[in-house]
Amino acid sequence: MPDIVDPAAPLALAVAGHGGKDRPVRGQLYYEGIMQMITYAGDEYLTGDDIADALLAYSRALGDNERAEIVEIPIREDDGTEASAKFLIGPASQIVIRSVSEQGSELEDPELVARLRQATRNVEAPAALPLEAPANVESDLD
């Protein structure tokens, strides 16, 4: 029985003669899905859909508010290994994201995506904390 890498990814079946570089041979099952290629400062970085979307949204929010941050995200190297990359995002960021078809499981990091989405909300609509006078201070407003 063939190895199945990621049951959540779309399933494809290699056909005879379709081998080629980095492709399975006839009869093997493999997964191919859409991921996102980030172009940043002239280099390209492959990552998952949700991660790329959250990074782009956070970058836009920071840029709109003249702020910058360093964000580290998981990426897939050309040889298929996972690594991480740090991005300085903010008003001067020029990030392009495009969908690419890639073999293998999608990079996912739900905690990172949740943190980036929360950070985006915090930048777009910062929550004000209530001002409270210390309990032991008396008021002279009588």
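An account of the accompanying structure is given in this report. (Residues numbered from 1 in each chain as written. Predicted model: local features only at pLDDT ≥ 70, side-chain atom pairs only at ≥ 80, totals over all residues. Heavy atoms only, no water.)

It is worth spelling out helix 2 (residues 110-124) at this point. Between its first and last C-alpha atoms helix 2 spans 21 Å; for 15 residues at 1.5 Å apiece the expected length is 21 Å, and the two agree. Among the residues making up helix 2, those that are buried are Leu112, Val113, Leu116, Ala119, Thr120 and Val123. Buried residues of helix 2, seen end-on, are gathered within an arc of 125° and therefore sit on one face of the element. Among the exposed residues of helix 2, those oriented more than 90 degrees off its buried face are Pro110, Glu111 and Arg115. Elements that come into contact with the buried residues of helix 2 comprise helix 1 (49-64) and strand 4 (69-76). (Helix = DSSP H or I, 4+ residues; strand = E, 2+ residues; numbered from the N terminus. Expected span 1.5 Å × (residues − 1). Buried < 20%, exposed > 50% of the residue type's maximum accessible area, 1.4 Å probe, protein only. Arc of directions from axis to C-beta. Contact = heavy atoms within 4.5 Å.)

A full pass over the atoms with the stated rule returns two aromatic pairs. Arranged with centres 5.1 Å apart and planes meeting at 80°, the rings of tyrosine 40 and phenylalanine 87 form a pair that is edge-to-face. Placement of tyrosine 40 in strand 2 (residues 29-40) and of phenylalanine 87 in strand 5 (residues 82-89) is noted, with a sequence separation of 47 residues between them. Pair check on accessibility: tyrosine 40 and phenylalanine 87 agree, each one buried. Seen in terms of ring centroids, tyrosine 45 and phenylalanine 87 are 5.1 Å apart; in terms of plane orientation they differ by 80°. Their pairing is edge-to-face. Here tyrosine 45 is found in strand 3 (residues 43-47), whereas its partner phenylalanine 87 is found in strand 5, with 42 residues between them in sequence. For phenylalanine 87, a relative accessible area of 1% corresponds to the buried category. (Phe/Tyr/Trp six-rings, centres within 6.5 Å; stacked < 30°, edge-to-face > 60°.)

Over its 16 residues, helix 1 runs 23 Å from end to end, which matches the ideal 22 Å to within 8%, given 1.5 Å per residue. Along helix 1, the residues classified as buried are Ile51, Ala52, Ala54, Leu55, Tyr58, Ser59, Ala61, Leu62 and Gly63. Looking one or two residues past helix 1, glutamate 66 carries a phi angle of roughly 55°, positive in sign.

What follows covers the pattern of salt bridges. Under the criterion given, the structure shown has five salt bridges. Measuring nitrogen to oxygen at the nearest pair gives 2.4 Å for the salt bridge that ties glutamate 124 to arginine 60. With glutamate 124 in helix 2 and arginine 60 in helix 1, this pair connects stretches of sequence that are 64 residues apart. By relative accessible area, which is 42% here, arginine 60 ends up partly exposed. For glutamate 82, the salt bridge identified is with arginine 76, shortest N-O distance 4.0 Å. Each of Arg60, Asp64 and Glu124 takes part in one network of salt bridges that share partners. (Salt bridge = Lys/Arg side-chain N within 4 Å of Asp/Glu carboxyl O.)

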